[in-house]
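# Architecture and fold: a report
Each chain is listed here by its residues.
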Amino acid sequence: MRILFCASEIFPFAKSGGLADVSQALPKALSRDTQMMCVMPLYGFMDATSLDAYGQTLELKLGGIEYHVQIFTTVRQGVQIYFIKAPMLSTTEHLYGDSAGAYSNNDLRFGIFCAAIVELAGILEVDICHLNDWHSALVALFVREKNLQIKTIFTIHNLAYQGIFEPDTLERLGIKRQYFHINGLEFYGKVNFLKAGIAYSDALTTVSPNYAKEILTPEFGCGLEGFLNLHREKITGILNGIDTDFFDPQNDSALTYPYSATNLKNKNKNKKELYARFGLGSTKLPLFVMISRLAHQKGFDLMLESLDAILTQKLQLLLLVDGQSEYLKSLEDFAKKYKNFTLLFGYDEALSHRVYASGDFLLMPSLFEPCGLNQMIAMRYGTVPLVHDVGGLHDSVHQGTTGAGGIVFKKPSKKALLLAFARALHLYADKPLLERINIANMQRDFSFAPGAQKYLKLYQKLLA
Ligand code: ADP
C-alpha cells in the first residue's frame, strides 16, 4: 500500500499543537508496515535550504487563475516528506494567522494546497490519501470530482476548527455549485471545508473512541452533529499515541538529569534546576503545571474563576502558554498578585520537556479534548495528570485498579476543580502511593503502535 499522509503541520517542521506531533509519530509508526509518505505546506518561516528540490513543478488552474507550485522533499525517520511551495501558502510567517486574526486568504492558501496534493498523489501513484483536519479536507472532494482511483480517509483532530469561508470561495477555487448544498459543503450559507472531508471521504476517523461518540451530540458536535450522524457508519475512534522515542525522560536532550521509572530521584533534580532558573519557591511544595495553547477549549475560564482559591493553597503553579488570547492579560494580573504563580509565555519545545519533567501534576481542565497528548506525555514523565473527564482524556487517563492513572473530575465546575486539587494535595502527601502511580504510568504503552495497527486495518479494508 502506498499512503500519502496529508497535514498542515508536521513536527519538527511546523507545529501549533498536537496535530504536528501526530503527523510525525503516526506515519513513523505506520512506516514499519506500509509505504508511508507525507505532504505539508512549505511556510514562509521554514528553512528550505536543507530540503531537496523535487524535479517536477505543478501548474494548477483554480477559478481561472494559474498557480505555479514547487515541490521540495526530504526523508525523516524513514518517511519521505513532501513540501508544497505555492503562492500565498508559502509567504506567511505563521501557519494560519497572526495577531490580526486568521489570514483572510486561507481558503485559497489551503485550497491550492489540496489541489497540489491531488496532483502529487497522482505522480506518486498512491493508493490512499490520509487527510487531516479542514486544511486538507478538500482533497476528498477533488478526488471524487476527478473520479480518481484513490481512496480517502479523513481524520478529525478537532471539530472546533472547520475552515468556514464566504460563498465566493467556490468561484475562487473553481468548485462547482453542485457541491454547495446541505449534504455537501454548505453550512449556514457559507462554505465549510471540514464538511467536504466528512461528506466525500471513504472513511472517517477521530482521535479517540470517546470523542467519536461525543461528536454525535449537540454538546460536542459544533453544529455538525446531525451531519456526522448521517455519516456515522464510516466513523471510527482511534486513540492517538506519542512518539515514545522523542518523549522519553531517559533519553531527552532537553533534560540535564535524565531519569526512568527505576531512577525517579533525578526527576526532582530537574525540578530543582527549573526552580533555580525561574526563581520559584520551595521545591518541597507540589508543582502544578499546564502546557497549552491559550484557547477557550483548554479550560482557561474555569482556571481564572478558580485561581484565587488555588493560589492561596500551599502549592506552586507554572503555566507555559502560547497563542493570541484575551486570557493572557488576566493571567498576567494573577502572576503579579501571587508569588507562587509563574507565567511563561511562548512556544518552546525544549522548555516544555523540562516542565513536564519537573511537574508533580499536569493540569488539563479542558472543556472538550478530542484526544490530548499532554496527559500522555505527562504520564510518560512521571507527572500525574489532573484532568476533566472528557474526550480522549477519558480514554487515556484511568484512575483506580491498575494503580496507574491520574486525578479525574467529572464536571467542569470550580467546585469540582478545587476538589480535584484537594485530592492532588492529599496524594502528594502520600509519597509511596504517588511514586507507585508514577512508576505504573511510566510503564504504560503510550506509543502509536496500537493505534497504527488500527489505521493499518482501516487502510486494508478500504483497498479490499
Ligand atoms: P492541542 O493540539 O489541542 O493544542 P494536544 O494536547 O493534542 O493539544 O497537543 C499539544 C502539543 O503542543 C503537545 O506536544 C504540547 O506539549 C505542545 N505545547 C502546547 N503548548 C506549548 C508551549 N507553550 N510550548 C511548547 N509546547 C507546547
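Residues numbered from 1 in each chain as written. Predicted model: local features only at pLDDT ≥ 70, side-chain atom pairs only at ≥ 80, totals over all residues. Heavy atoms only, no water.

## Notes on the sheet that holds strand E18 (residues 361-364)
- Pairing is parallel across the open sheet formed by six strands, whose spatial order is E17-E16-E15-E18-E19-E20. Each end of this open sheet is capped by a strand with a single partner; those strands are strand E17 (341-345) and strand E20 (407-409). Pairwise comparison of adjacent strand axes, ignoring direction, gives a mean angle of 20° for this sheet.
- In terms of strand pairing, strand E15 (residues 287-293) meets E18 through two bridges, oriented parallel. Residue pairing in the sheet places Val 289 in a bridge with Leu 362 of E18.
- On top of the sheet, helix H11 (residues 349-358) reaches E15, strand E16 (316-322), E17 and E18; it is set at about 145° to E15, its chief contact. (Pairing = 2+ DSSP bridges. Helix = DSSP H or I, 4+ residues; strand = E, 2+ residues; numbered from the N terminus. Axes fitted to C-alpha atoms, helices over the stretch in contact; angles between N-to-C directions. Contact = heavy atoms within 4.5 Å.)

## Comments concerning the packing of aromatic side chains
- Counted according to the given criterion, the structure contains 19 aromatic pairs.
- On the basis of an interplanar angle of 75° and a centroid distance of 5.3 Å, the ring pair of Phe 110 and Trp 134 is categorised as edge-to-face. Remark: Trp 134 occurs in helix H3 (residues 133-146) and Phe 110 occurs in helix H2 (residues 106-123); sequence separation between them is 24 residues. The residues Phe 110 and Trp 134 share a single accessibility class, namely buried.
- Ring plane angle 65° and centroid distance 5.9 Å describe the contact between Trp 134 and Phe 193, whose orientation is recorded as edge-to-face. Here Phe 193 lies in helix H5 (residues 193-200) and Trp 134 lies in helix H3, a separation of 59 residues in the sequence. For the pair Trp 134 and Phe 193, one class covers both residues: buried.
- Sitting above the plane of the Phe 227 ring, Lys 195 keeps its charged end 4.4 Å from the centroid.
- The aromatic ring of Tyr 428 is capped on one face by Lys 431, whose charged end is 3.7 Å from the ring centroid. (Phe/Tyr/Trp six-rings, centres within 6.5 Å; stacked < 30°, edge-to-face > 60°. Buried < 20%, exposed > 50% of the residue type's maximum accessible area, 1.4 Å probe, protein only. Lys NZ or Arg CZ within 6 Å of the ring centre and 35° of its normal.)

## Topic: helix H8 (residues 265-278)
- Given a rise of 1.5 Å per residue, 14 residues ought to cover 20 Å, and the 21 Å separating the end C-alpha atoms of H8 matches this to within 8%.
- Of the positions making up H8, those classed as buried are Asn 266, Lys 267, Asn 270, Lys 271, Leu 274 and Tyr 275.
- At its buried positions, H8 is contacted by E15, E16, H11 and helix H14 (414-429). (Expected span 1.5 Å × (residues − 1).)

## Quick word on the pairing of E15
- Across the seven residues that make up E15, a large majority, six, are buried.
- For E15 and E16, the ladder comprises seven bridges, and the chain directions are parallel. Directly across from Val 289, in E16, lies its bridge partner Leu 318.
- Taken together, E15, helix H9 (residues 300-311) and E16 constitute a β-α-β crossover, and its handedness is right-handed. (Right-handed = clockwise from strand over helix to strand, strands pointing away.)

## What to know about the nonpolar core
- Ranked by size, the top nonpolar core spans 137 residues in total, and within it Leu 4, Ile 84, Cys 129 and Leu 228 carry the most contacts.
- With 11 residues, H2 is the single largest residue contributor to this core.
- Sequence-distant contacts of Leu 4, defined by excluding residues within four places in its chain, comprise Met 37, Cys 38, Val 39, Ile 117, Leu 120, Ala 121, Leu 124, Val 126, Ile 128, Cys 129 and His 130.
- Counting residues in each nonpolar core, the second largest holds 36 residues, with Ile 310, Leu 311, Tyr 327 and Ala 420 among its members. (Core = buried A, V, L, I, M, F, W, Y, C linked by side-chain atoms within 4.5 Å.)

## Structural notes on the pairing of strand E13 (residues 203-206)
- The alternating pattern of E13 places Ala 203 and Thr 205 on one face and Leu 204 and Thr 206 on the opposite face, and all of these are buried.
- Relative to E13, strand E9 (residues 151-156) runs parallel, the two sharing four bridges. By the bridge assignment, Thr 155 is partnered in E13 with Thr 205.
- Where E13 lies against strand E14 (residues 235-237), three bridges are found, and the strand directions are parallel. By the bridge assignment for E14, Thr 206 is matched with Gly 237.

## As for the sheet that holds strand E11 (residues 186-187)
- Overall, antiparallel pairing links the three strands, which are arranged E10-E12-E11 in an open sheet. In this open sheet, the two edge strands, each paired with only one partner strand, are strand E10 (164-165) and E11.
- Pairing analysis gives two bridges linking E10 to strand E12 (residues 190-192), with the strands arranged antiparallel. Residue Phe 165 lies in a different strand from E12, and its bridge partner there is Val 191.
- This element, H5, spans E10, E11 and E12 of the sheet and lies at about 55° to E12.

## A closer look at the site of the ligand
- Taken together, 20 residues lie around the ligand, and Gly 18, Asp 21, Arg 293, Tyr 356 and Asn 374 are the ones closest in.
- Arg 293 is positioned with one of its side-chain polar atoms (N or O) 2.7 Å from an oxygen atom of the ligand.
- Protein burial of the ligand: of its 560 Å² of free accessible surface, 93% is covered by the chains.
- Only helix H1 (18-30), E15, E16, H11 and helix H12 (374-380) provide two or more residues apiece to the shell around the ligand.
- When its residues are assigned to classes, the shell around the ligand shows seven nonpolar, seven polar and six charged. (Near = heavy atom within 4 Å. Polar contact = N/O pair within 3.5 Å; in protein donor to acceptor, adjacent residues only side chain to side chain. Areas by Shrake-Rupley, 256 points an atom, 1.4 Å probe, with all protein chains shown as cover. Nonpolar A, V, L, I, M, F, W, Y, C, P; charged D, E, K, R; others polar.)

## So, the pattern of salt bridges
- Per the stated rule, a full pass over the model turns up 16 salt bridges.
- Residue Lys 146 is joined to Glu 119 by a salt bridge in which the shortest nitrogen-to-oxygen separation is 3.2 Å. Taken together, the residues Lys 146 in helix H3 and Glu 119 in helix H2 connect sequence positions 27 residues apart.
- Here Glu 119 falls in the partly exposed class, since its relative accessible area comes to 31%. (Salt bridge = Lys/Arg side-chain N within 4 Å of Asp/Glu carboxyl O.)

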